[in-house]
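Remarks on the overall topology
Listed below are the residues making up each chain.
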Amino acid sequence: MIIVRTFGEVRAAAHSAVSLVPTMGYLHEGHMSLIGAASQTGDTTVVSLFVNPTQFGDSADFVAYPHNEARDAAIAEAAGCDIFFAPSADEVYPLGHRVTVSVGGVGDAMEGRFRHGHFEGVATVVAKLFAGVQPRRAFFGRKDAQQLAVVRTLRDGLRFPVEVIGMPTVREQDGLALSSRNTQIGKGVRREALSLSRALFSAADAIEQGERDSAAIAKIARSVAAATPQVEVEYLEVADSMSAAPIEEIDRDAFVAIAAKVGGVRLIDNIAVDAVTLATDRGIMLDKQSILYEED
Ligand code: AMP
């Protein structure tokens with residue numbers, strides 16, 4: 001594996017078509033599953049590490065985001081990365097924040113309501129990665145379901161010739177969706193954080209028993225979340241997988257999404273639903289403790 005800092009170096013080092021895995025670092029098994037899938041393609045696997053300032057509304061949140069490049073490089077290499085791309089802010093934003101990309105309605109609901117400008121920041125940085133790295137394939141987690149819809153919209157709207165592949169959500173042993181932010185959850189509220197996955201799994205159970213009505217599904221999930229008062233739910237929605245617009249009933253492929261604050265840490269999670277079979281995809285559970293909690 002080589003470590004490079006510029007788009008030009010990535011293109012010069014890639015000897016075959018590229019599979020790209022964009023990340024903000026502090027890697028865990030969710031990222032590793034993306035990197036593993038990318039490297040299985042036989043393409044040159046490029047992992048980018050860039051904590052993108054423009055997708056953080058709150059600068060305190062940006063500053064608090066965990067960061068350890070040496071740790072990330074070692075994990076990426078073990079997972080199958082060939083080129084580890086860790087650019088500076090100047091490399092990614094050569095003209096400052098003058099040129100941006102917006103994707104219209106797909107970013108408006110859910111995250112868009114609570115994180116103004118977030119998806120413009122995401123779409124802009126992903127467009128730069130697609131333009132500068134020129135991948136044939138790019139891997140994203142379904143954990144960020146609305147982001148995946150934003151990336152597909154960006155790809156279609158700007159005609160990037162890249163295949164966008166969504167990978168299942170990887171969860172800790174107890175069901176908590178893996179996130180670099182999990183390292184910020186205080187020990188005192190770790191158990192309370194399980195309220196998010198518990199609420200979604202109760203929604204999934206109801207859906208698998210035939211419930212298609214979004215209001216009924218949301219009511220069940222909200223009542224489960226409400227049993228944990230330390231968890232402050234921001235939204236709980238049933239949304240169309242492609243457009244990320246809230247829907248009244250599950251008459252197309254959908255996801256049930258939740259965002260909540262637990263001890264000051266904002267977490268998101270979702271489960272996917274197949275409209276035809278009403279089968280739900282709850283992701284993959286780790287069978288041992290995550291590498292997130294290993295000493296640096
Ligand atoms: P991040 O570093 O959080 O920006 O995430 C980088 C990529 O990893 C995104 O495509 C995420 O959706 C994906 N990802 C993050 N957490 C998980 C997870 N628990 N399971 C699967 N993919 C994930």
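Before going into details, it helps to say that this report is about the structure given with it. Quantities reported herein were computed from a predicted structural model and do not represent experimental measurements. Every chain is numbered independently, its residues counted from 1 as its sequence is written. Owing to the predicted nature of the model, reporting of local features is limited to residues with pLDDT of at least 70; listing and counting of side-chain atom pairs is limited to 80 or more, with chain, interface and lining totals taken over all residues. Excluding hydrogens and water, the side-chain figures rest on all heavy atoms present in the structure.

Re the sheet that holds strand S4 (residues 83-85)
Note the threshold: For two strands to count as paired, DSSP must find a minimum of two bridges between them. Under the DSSP-based scheme used, a helix requires at least four consecutive residues in state H or I and a strand at least two consecutive residues in state E, with every element numbered from the N terminus. Axis angles are defined between N-to-C directions and span 0 to 180 degrees, where every axis is a line fitted to C-alpha atoms and, for a helix, only to the segment in contact. Should any heavy atoms of two residues lie within 4.5 Å, those residues are counted as being in contact.
Taken together, 6 strands build an open sheet; the order of strands is S1-S4-S3-S2-S6-S7 and the sheet is parallel. The sheet terminates laterally at strand S1 (2-4) and strand S7 (163-167), the two strands that pair on one side only. For this sheet, the mean angle separating the axes of adjacent strands, direction not counted, is 25°. Examined bridge by bridge, strand S2 (residues 18-23) and strand S3 (residues 44-49) share 6 bridges and lie parallel to one another. Bridging from a neighbouring strand, Thr 23 pairs with Leu 49 of S3. This element, helix H4 (residues 69-79), spans S1, S3 and S4 of the sheet and lies at about 150° to S4. Helix H8 (residues 145-157) contacts strand S6 (137-141) and S7 of the sheet and is inclined by roughly 170° relative to S7.

Quick word on the pattern of salt bridges
Heads up, the condition is: What counts as a salt bridge is simple: a side-chain nitrogen of Lys or Arg found within 4 Å of a carboxyl oxygen of Asp or Glu. Categorising residues by exposure relies on relative accessible area from a 1.4 Å probe, with only protein chains included: less than 20% of the type maximum marks a residue as buried, more than 50% marks it as exposed, and the intermediate range marks it as partly exposed.
As enumerated under the stated definition, the model contains 20 salt bridges in all. Across the salt bridge formed by Arg 190 and Glu 172, the nearest N and O atoms sit 2.6 Å from each other. On the criterion of sequence distance, the pair formed by Arg 190 in the loop between strand S8 (170-171) and helix H9 (194-208) and Glu 172 in the loop between S8 and H9 is long-range, its members being 18 residues apart. Assessed through its relative accessible area of 6%, Glu 172 is described here as buried. Across the pair Asp 251 and Arg 252 runs a salt bridge, and its minimum N-O distance is 2.8 Å. Residues participating in the shared-partner salt-bridge network are Glu 111, Arg 115, Glu 234, Lys 261 and Arg 266.

A word on the nonpolar core
Here is the rule we go by: For the purposes of this section, nonpolar cores are sets of buried Ala, Val, Leu, Ile, Met, Phe, Trp, Tyr and Cys residues that join through side-chain atoms within 4.5 Å. An automatic or database domain assignment supplies the residue ranges for each domain.
Judged by nonpolar contacts, the single largest core of 45 residues is most densely connected at Val 46, Phe 85, Met 110, Val 126, Phe 130, Val 133 and Phe 140. A total of 9 residues in this core trace back to one element, the largest contributor, which is helix H7 (residues 118-133). Two domains each provide a minimum of three residues to this core, namely domain 1 (2-167) and domain 2 (171-293). Counting 31 residues, the second largest nonpolar core, distinct from the first, contains Leu 176, Ile 250, Ala 254 and Val 262.

Thoughts on the packing of aromatic side chains
Our working rule: Centre distance within 6.5 Å is the pairing criterion for rings of Phe, Tyr and Trp, where only the six-membered ring of Trp is used; planes under 30 degrees apart are then read as stacked, over 60 as edge-to-face, and the remainder as tilted. Placement of a charge over a ring requires the Lys NZ or Arg CZ to be within 6 Å of the ring centre, with the centre-to-atom vector within 35 degrees of the ring normal.
What the rule picks out here adds up to 7 aromatic pairs. When the centroid spacing of 5.6 Å and the interplanar angle of 75° are considered together, the rings of Phe 56 and Tyr 65 count as edge-to-face. Taking the centre distance of 6.4 Å and the plane angle of 75° together, the rings of Phe 130 and Phe 140 count as edge-to-face. Taken as a pair, Phe 130 in helix H7 and Phe 140 in strand S6 lie far apart in primary sequence, 10 residues in all. The exposure class of Phe 140 is buried, given its relative accessible area of 5%. Taken together, Phe 56, Phe 62 and Tyr 65 form an aromatic cluster joined through their ring pairs. Over the ring of Tyr 26 we find Arg 71, and its NZ or CZ is 4.0 Å from the ring centre.

Quick word on H7
Defined as follows: Here the expected span of a helix is defined as 1.5 Å times the quantity of residues minus one.
Its 16 residues give H7 an end-to-end C-alpha distance of 22 Å, which sits within 8% of 22 Å, the value for a rise of 1.5 Å per residue. Among the 16 residues in H7, 14 count as buried, and that is most of the element. Just downstream of H7, Gln 134 is the residue with a positive phi angle, here 55°.

Structural notes on the pairing of S7
Heads up, the rule is: Call a crossover right-handed when, viewed with both strands pointing away from you, the route from the first strand across the helix to the second goes clockwise.
Counting buried positions along S7 yields 4 of 5 residues, so the element is predominantly enclosed. Pairing between S6 and S7: 5 bridges, direction parallel. Within S7, the residue paired with Phe 139 across the bridge is Ile 165. Note that the unit made of S6, H8 and S7 has a crossover that is right-handed.

Looking at the sheet that holds strand S12 (residues 280-281)
As summarised here, the arrangement of the 4 strands in space is S9-S10-S11-S12, forming an open sheet in which the pairing is antiparallel. The two strands at the open ends of the sheet, each matched to only one other strand, are strand S9 (231-240) and S12. The strands touched by H9 within the sheet are S9, strand S10 (254-262), strand S11 (265-273) and S12, with S11 carrying the most contacts at an inclination of about 15°. Running over the sheet, helix H10 (residues 214-226) touches S9 and S10 and is turned about 160° from S9.

A short note on the environment of Phe 255
You can see Phe 255 is positioned in strand S10. The exposure class of Phe 255 is buried, given its relative accessible area of 4%. Residues in contact with Phe 255, not counting those within four places in the same chain, are Met 110, Ala 145, Gln 146, Glu 237, Val 238, Ala 239, Asp 240, Ser 241, Ala 244, Asn 270, Ile 271 and Ala 272.

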